[in-house]
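Working through the structure, step by step
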Amino acid sequence: MNERDNEDSGQNPRDGISRESSPFINSAEMDRGNMYEGKNMALFEEEMDSNPMVSSLLNKLANYTNVTQGVVEHEADEDSKRKEVKVPRMGTFIGVYLPCLQNILGVILFLRLTWIVGTAGVLESFIIVFMCCACTMLTAISMSAIATNGVVPAGGSYYMISRSLGPEFGGAVGLCFYLGTTFAGAMYILGTIEILLTYISPSAAIFKAEEVGEETEAMLNNMRVYGTCIIILMAIVVFVGVKYVNKLALVFLACVILSIIAIYAGVIKTAIDPPDFPICLLGNRTLSKRSFDVCAKFTERNNKTKTTNLWLLFCNSSLPTAMCDDYFSLNNVTEIQGIPGILSGVLIDNLWSTYSEKGSIVERKNQPSISGSEDIKIGGRPYVFTDIMTYFTVLVGIYFPSVTGIMAGSNRSGDLKDAQKSIPTGTILAISTTSFIYLSCIVLFGACIEGVVLRDKFGEAVDGNLVVGTLAWPSPWVIVIGSFFSTCGAGLQSLTGAPRLLQAIARDGIVPFIQVFGHGKANGEPTWALLLTAAICEIGILIASLDNVAPILSMFFLMCYMFVNLACAVQTLLRTPNWRPRFKYYHWTLSFLGMSLCLALMFICSWYYALIAMLIAGCIYKYIEYRGAEKEWGDGIRGLSLNAARYALLRVEDGPPHTKNWRPQLLVLLNLDCEQLVKHPRLLSFTSQLKAGKGLTIVGSVLQGTYLDKCVETQKAEENVKALMGVEKTKGFCQIVVSPSFRDGISHLIQSAGLGGMKHNTVLMAWPQSWKQTENHFSWKNFVDTVRETTAAQQALLVAKNIDLFPTNQERFTEGNIDVWWIVHDGGMLMLLPFLLRQHKVWRKCKMRIFTVAQMDDNSIQMKKDLQMFLYHLRLNAEVEVVEMFENDISAFTYEKTLMMEQRSQMLKQMQLSKNEREREAQLIHDRNTASRSAPAVKTSVAAAMPEKVQMTWTKEKFVAEKHKNKDTNVSGFKDIFSMKPEWGNLNQSNVRRMHTAVKLNGVVLNKSQHAQLVLLNMPGPPKNRKGDENCILYFTACVLLGTWFYCCLVWILQKKKKVASIINTWNYQPHDFCQLN
C-alpha cells in the first residue's frame, strides 16, 4: 500500500494506527491541530503556547552555550539571520589551571619575595605566605561550591557574588574587584619599569640624581614618565586587538614557567657549585658595588700600595694619611659569598626577622664591628640602605597580591567545555601548585642566599643584579627577561579583563551612573570602559611605588574574597532548595573561617586602607540601594532576610506590646477610583509624616467583585498604590482585597492584615466627605460599621478630615500650633500624635497646645496645674488651657434637630420598610439636615414650625400601589403615620443633651483653634444599640452626623480664613496607657 492509500484510509504510515474522521472536528481545528500531530498531548494544547513540553525544554538545555568571554567578532555575512556560536572546547588544564598559574605567579615572586624573606625571616615569611595561601584556598573552595551550583555564564566573580548576595553586594564588591584589577595593572606596569630601569638598562633613566639622597625621588619620577607611556601603549594594543593579547598569553606563561624552573635548577646547582657573587662588607655594614670595583681599602700595583676607589668614598684624599670616616678607619673591609649554597647552613642565620627603620643600613648579623663617632653624615657613603620602614603587617600587604589571580579560571567560564568540573579542579590545583612554589622558595631562598643580600631590595650589593636572578641557572638574565615579559603580559591581561568586568556591571544596570561604560565598539569591545580603566590605572602609576600600590589592591581583592566566602556561608546555612552544588567538599565553617581570615588580613595589611575600602564599598552599596535598578536574582541576602523575619516574628509575642514599645502600627484604608488610582494621595503623605519610616504600615484598599473577575484590576491597583507609596516615601506593605461588598472587604482587612505579632493597632482613614451620595462606595453605613469593627478589635481609629488640604512632604510650616482637645482620657493617644508629627520636618516648628474642658464642679486652676505636671512627667512641652463650658438653656434649634431624628426613626419603625428603603429614608434625613445648615439662621418661632412642613418620600399614591402587598390591618397604621404631630415632651433627653454638647463644643473649638494648623479631637463612641437599622440610623445621626456637621462648619469657617490645614477625629479603644510616666 503506498503513501497515498494510507492517507486516504486515514491511517498514519508511521504508527500504523487508523484515524477516524469525525464530523465534530472542522477543518480549521484540524489545521490548528497539525502542530500537535504525533505528540499525543491534545489535552495540553492550550498550555503549549506558554509552557513548552519537556522534550523541547530538555533540547534547549542540552544545547545551552555561554557567550564567550572576550572580543566577539562579527560574521562577514551581514544578511545571515543566525550567527553561529563557537562551542567552547577548553578543558581544565588550558582553560583554568594555566591562566590561574600565570596570574598568581608574577611580579612579587621575582622582585619582592627574597626581600620579604630577608626582612621577616624564614619563619615569619612562612607564616605570611601560609596565611595568604590559606585565605585563597578557602576562598577557592567557596568559589567552587558557588560555581558548581548551576550553569555559570561568563562574568566570573562578579556574577557569582551578585547572584548569591544580591545586586547591592554584587555591585559594590564587583566595583571593588574592578578597582583591584585596575590597580593590579598599575602594579604590573610599575614592576615592568623597575625591571627595565634597574636591571636591564639603568642608563635609560630620564631623571638623574644630582645630589646625594635624591636617588629615590629621581627613580619615582622615571617610573611616572615611563609608566604613563607604557600604559598608553598598552591601552592602544588592547583597543586595536585583544585577540593578539590572548594569543601572547601562552608566551608570557612560558616565560614564567621557565623562570621558575631556572630558580629550582640554580638551587640544585648551589649544592654542587655555588655561583660566585662576592659581597663587600665594611665592619658589619653592606656596601653597594655601584660606586667601586675593588672591595678593599688598599691595592698592590707594581709593588706599590695604592688606595682604591672605596678609599676615596670615605676619605677626603687618596693619600694614606688622609682624614677618613671614623667607622671606616676602625673597621676592616671583608668580602663574603652572597650565594653560599644550600649546604652552607646559612638557613639558621636567616630564620629570624630583621625589621628596620627607613634609611637604615643593611647590616650582617654576628659580624664583628666597632662603632665610631658619626660626626660625618653617612648619607653620602656607599652603604646599602632600606627605602621603607619594615614590619610584619607591611610585608603582608606587599606580599598578598602575589596570591591573587584565583578568579582567572572563573572569569573564563564562558570558554570552558565543562565549567562545573574545570573551575574547582583547575583552581584548587593551581593554588596548591603556587602555594608549594612560594613556600618552598621561602625555605630555599633562606637556605641558599646570605641575609644581607636578601634584604638588599634592588641588588646593589651584587653589582645591581636581580637578587633572585643571582640564584638562577644558567644565567641571571633568564629571570630578568622572563620576569620582564611576565609582568608586561600580566599588565596587558589586567587592562583586558578590567574593562570587561566594568562593562558587565554597567550592562546589568544596577549602578545608574556607570551605564555609559556598557557601550563600546561594534564588535563588543568596551571602549569607554577601557578609557576609564586607563585613567584609574594612571593614578597607581602616579603613586609610582610598587610597595605603596600593592596594599591598595590587596584591600579590594580581600574584600572580594571575603564576600565570596560570605555568599557560600549564607547559601549553606539557609539551605535553600536551589543550593545543590556539585562540588561537595565545602562546609559553612570553612567559608566562615575564610571570611574571617580575609577581614583580619585587611586590617593586618593596613587598617586605614581597610576602612577606606569599606567606606567605598558601603557608599556604592547605599547608592545602589537608593538609586539602582531593582533586580530579583534569588540572592541569599533575601533568603537571609526572610529567615531573620521569620525568627523575629516567632520571637514577637502575639499580644499587646509593653507600653514603652508602643507606637501606632497603621492600617491605612485608601479609596480608589474607577481607574484604580488613589483618590486621596495626601493620606499617604500624612502617614509618612506620622511614621517617619518607623514601625509597621499596611496600606490597604478594597475592590468590589470577585477575585477571578478583578484579578487584572487588583494587580493594577497594587502597582498604582506601590508607586504612590514610593513617591510619598511611605515605607510599608500594600494589600488589596477583593470582596463582594466593601463592608466585608474592610472588615477582612481589619481582622486579617498583618502577620503574627506584626499586626496593626491603629486604623487611619479619610473622612467620607461625599458619603451622602448613595452611589458612593464608602457610604455612611460602611463608615459606621468600620467604627464599630475597629472598636470591637480593640484598635485605635484616626479619621482625617479634609485630607486633601494636608501638607505634602515638601512643605514646611514655619509657625503655627497643633491643638489637642483632650476631652476624655484615651490612653494618651492624643498626646502621642503631635509628638510623633513634630519629629517630621513638616511639623517640626509647630507648637503643641492642649485644651481640656472643665465642668461646673471642677477647679479650673487646679486642673491646669495637674495637667502641666502630667505633661512634665510625660516629658512633653505644650501650652495648657482649661476651657469652662457652663450649662445654658438648650436652644430650640437643638430640640428641632433632635425631634426630626426621633420622628423619622419612629416613622421608619412603623412603616416596616425593607432594608434598602430604610437606608434611602435615612439618606434623605441627612440631605435635608445639610440643606438646613447651609441656609441662613431662622428665628426660633419659624424653626419650631419647620418639622410640620417636612414631606415624606412615601406618598399616598405609593402607599396605594403597595397596599396589595401588605395586609389590610396595616392600612390604619399608615394612616396614623401621616397624621403624626411633633410632641416635644416625648423627646429622648439623652439625645437632646448630646446635640446640645456638640453645638457648644463646636463654638468653643471655633473660638480657640481657628488659627491652628492641625486640630486633634476625641470623638464619642458608636451607639451600642443595634436592634434595628432605624436605631443605628438614629444614633449615627446623633453621634456621627453631628460630628460631621460640626467639622463641616469648622472647616468652612477656617477654610475661608485659610489658617487651619486639617482636623483629625480620634477614636481610641486601647486598653492601656501609651504615654505612661516611666
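This structure is a prediction, so every number in the text was calculated from the model and none was measured. (Residues numbered from 1 in each chain as written. Predicted model: local features only at pLDDT ≥ 70, side-chain atom pairs only at ≥ 80, totals over all residues. Heavy atoms only, no water.)

This brings us to the overall build of the chain. Within the chain one finds 36 helices and 15 strands. For the chain, the residues scored as buried account for 51% of the 1078 residues in total. Accessible surface, the chain: about 53,300 Å² in total, of which carbon and sulfur atoms supply 57%. (Helix = DSSP H or I, 4+ residues; strand = E, 2+ residues; numbered from the N terminus. Buried < 20%, exposed > 50% of the residue type's maximum accessible area, 1.4 Å probe, protein only. Areas by Shrake-Rupley, 256 points an atom, 1.4 Å probe, with all protein chains shown as cover.)

Below, the discussion takes up the sheet that holds strand β5 (residues 333-337). Strand order in the open sheet formed by 3 strands is β2-β1-β5, with antiparallel pairing between adjacent strands. Either end of the sheet is taken by a strand with one partner, and the two such strands are β2 (285-286) and β5. Here 5 bridges tie strand β1 (residues 278-282) to β5, and the two strands are oriented antiparallel to one another. Residue pairing for β5: Pro278 is matched across the bridge by Gln337. (Pairing = 2+ DSSP bridges.)

On to the pairing of strand β11 (residues 817-822), then. Taking burial as the measure, the 6 residues of β11 include 6 buried ones, the bulk of the element. By the alternation rule, side chains of β11 split into Asn817, Asp819 and Trp821 and Ile818, Val820 and Trp822, which are all buried. Note: β11 against strand β12 (residues 847-854), 6 bridges, orientation parallel. Along β12, the bridge assignment pairs Ile818 with Met848. Remark: the β11/helix α28 (residues 829-837)/β12 crossover connection has right-handed handedness. Where β11 lies against strand β14 (residues 1014-1018), 4 bridges are found, and the strand directions are parallel. Bridged to Ile818 within β14 is Leu1014. (Right-handed = clockwise from strand over helix to strand, strands pointing away.)

A few words now on the pairing of strand β6 (residues 666-670). Of all the 5 residues making up β6, 5 are buried; the element is thus mostly covered by neighbouring parts of the structure. The pairing of β6 with strand β9 (residues 762-766) spans 3 bridges and is classified as parallel. Each residue of the ladder has a partner; that of Val668, found in β9, is Leu764. Here β6 runs beside strand β7 (residues 697-704); their pairing, made up of 5 bridges, is parallel. Residue pairing across strands places Leu670 opposite Ser701, the latter belonging to β7.

A few words on the packing of aromatic side chains. The description of two aromatic rings rests on the distance between their centres and on the angle between their planes. Summed over all chains, the structure comprises 23 aromatic pairs. The interplanar angle of 80° and the centroid separation of 5.5 Å between the aromatic rings of Phe177 and Phe557 together place this pair among those described as edge-to-face. Of this pair, Phe177 sits in helix α8 (residues 167-200) while Phe557 is found in helix α20 (residues 546-574), placing the two residues 380 residues apart along the sequence. Neither Phe177 nor Phe557 differs from the other in exposure class; each is buried. Note that Lys297 overlies the ring of Phe328, its terminal NZ or CZ placed 4.5 Å from the centroid. If you follow Lys457 out to its NZ or CZ, it ends over the ring of Trp115, 4.2 Å from the centre. (Phe/Tyr/Trp six-rings, centres within 6.5 Å; stacked < 30°, edge-to-face > 60°. Lys NZ or Arg CZ within 6 Å of the ring centre and 35° of its normal.)

A word on the packing of α8 against helix α9 (residues 215-240). Interaxial distance between α8 and α9 falls to 9 Å at its minimum, and their mutual angle equals 120°. With respect to each other, α8 and α9 are oriented oblique. For the pair α8 and α9, the crossing hand works out as right-handed. Contacts between α8 and α9 involve Ile189, Leu190, Ile193, Glu194, Leu197 and Thr198 on the former and, on the latter, Met219, Asn222, Met223, Tyr226, Gly227, Ile230, Ile231 and Met234. In terms of residue class, the contact of α8 with α9 is built from 10 nonpolar, 3 polar and 1 charged. (Axes fitted to C-alpha atoms, helices over the stretch in contact; angles between N-to-C directions. Parallel < 35°, antiparallel > 145°, perpendicular 65-115°, else oblique. Left-handed = near helix turned anticlockwise from the far one by under 90°. Contact = heavy atoms within 4.5 Å. Nonpolar A, V, L, I, M, F, W, Y, C, P; charged D, E, K, R; others polar.)

Here we take up the pattern of salt bridges. Enumeration over the complete set of coordinates arrives at 13 salt bridges. Among the ionic pairs, Arg285 bridges to Glu363, the shortest N-O distance being 3.9 Å. Taken together, the positions of Arg285 in strand β2 and Glu363 in the loop between β5 and α13 (392-399) put the pair 78 residues apart, joining distant regions of the chain. Taking relative accessible area as the criterion, Arg285 reaches 10% and is therefore assigned buried. Since its relative accessible area comes to 34%, Glu363 is described here as partly exposed. Here Lys722 makes a salt bridge to Glu718, at a shortest N to O gap of 3.2 Å. With Lys722 and Glu718 both in helix α25 (residues 711-727), this residue pair falls 4 residues apart, about one helical turn. With relative accessibility at 47%, the residue Lys722 sits in the partly exposed group. (Salt bridge = Lys/Arg side-chain N within 4 Å of Asp/Glu carboxyl O.)

On the surface, a nonpolar cluster with roughly 510 Å² of combined accessible area is contributed by Leu599, Phe603, Trp607, Tyr608 and Leu611. Among the elements of the structure, α21 (588-605) and α22 (607-627) are those that each provide at least two residues to the nonpolar patch. Top contributing element to the nonpolar patch by residue count: α22, with 3 residues. Relative to the elements of secondary structure, Leu599 occurs in helix α21. Under the relative-accessibility criterion, Leu599 is labelled partly exposed at 34%. (Patch = residues over 30% accessible without salt bridge, like charges linked within 9 Å, V, L, I, M, F, W, Y side chains within 5 Å.)

Quick look at helix α18 (residues 476-508) now. The α-helix winds at 3.6 residues per turn, so residues separated by three or four positions along the chain end up facing the same way. Across its 33 residues, α18 extends 48 Å between first and last C-alpha, which sits within 8% of the 48 Å expected from 1.5 Å per residue. Across the 33 residues of α18, 25 count as buried, placing the element largely inside the fold. A positive phi of about 75° marks Gly509, the residue just after α18. (Expected span 1.5 Å × (residues − 1).)

In this section: the nonpolar core. Counting 165 residues, the largest nonpolar core has Met187, Tyr399, Phe400, Met407, Tyr438, Phe445 and Ile449 as the members making the most contacts within it. Broken down by element, the residue count for this core peaks at 19 residues, all from α8. Counting residues in each nonpolar core, the second largest holds 49 residues, with Leu666, Val721, Phe813 and Trp843 among its members. (Core = buried A, V, L, I, M, F, W, Y, C linked by side-chain atoms within 4.5 Å.)

Another aspect to go through is unusual backbone geometry. Cis geometry is found at the peptide bond from Trp473 to Pro474, where omega equals 15°. One can find Pro474 in the loop between α17 (467-471) and α18. Phi is positive for Gln676, close to 60°, though the residue is something other than glycine. Along the chain, the position of Gln676 falls in the loop between β6 and α24 (682-691). Exposure remark for Gln676: the relative accessible area of 8% places this residue in the buried category. Here Arg875, not a glycine, exhibits a phi torsion of approximately 65°, which is positive. Tracing the chain through its elements places Arg875 in the loop between α29 (860-873) and β13 (879-884).

All buried positions along helix α26 (residues 742-752) are accounted for by Phe742, Gly745, Ile746, Ser747, Leu749 and Ile750. Remark: Gly754 follows α26 within two positions and exhibits a positive phi of approximately 95°.

Taken residue by residue, the chain gives an average pLDDT of 77. The fraction at 70 or more is 71%. Counted against residues more than four places away or in other chains, residues 1-39, with its pLDDT under 50, gives 19 contacts. Every residue in residues 63-88 scores below 50 in pLDDT, and together they form 34 contacts with partners more than four places removed in sequence or on other chains. (pLDDT = per-residue confidence, 0-100.)

Bringing the environment of Leu1016 into the picture now. Within the fold, Leu1016 resides in strand β14. The spacing of Leu1016 and Leu798 is 218 residues in sequence and 9.7 Å in space, taken between C-alpha atoms.

Okay, the state of the cysteines next. In this structure the tally under the stated criterion is 2 disulfides. One disulfide in the model links Cys280 with Cys295; its S-S distance is 1.9 Å. Measuring handedness by torsion sign, the sulfur bridge of Cys280 and Cys295 sits at about 85° and is right-handed. One end of the pair, Cys280, is in strand β1; the other, Cys295, is in the loop between β2 and β3 (298-301), and 15 residues separate them in sequence. A single burial state applies to Cys280 and to Cys295, both of which are buried. The disulfide bridge from Cys315 ends at Cys324, spanning 1.7 Å between sulfur atoms. (Disulfide = S-S within 2.5 Å.)

What follows is about the environment of Ser353. Along the chain, Ser353 turns up in the loop between β5 and α13. Separated by 235 residues in sequence, Ser353 and Gly118 have C-alpha atoms that sit 7.3 Å apart. If we skip the residues at most four places from it in the chain, Ser353 touches Thr119, Ala120, Gly121, Glu124 and Lys365. A polar contact of 3.5 Å, which involves the side chain of Ser353, links it to the side chain of Glu124. (Polar contact = N/O pair within 3.5 Å; in protein donor to acceptor, adjacent residues only side chain to side chain.)

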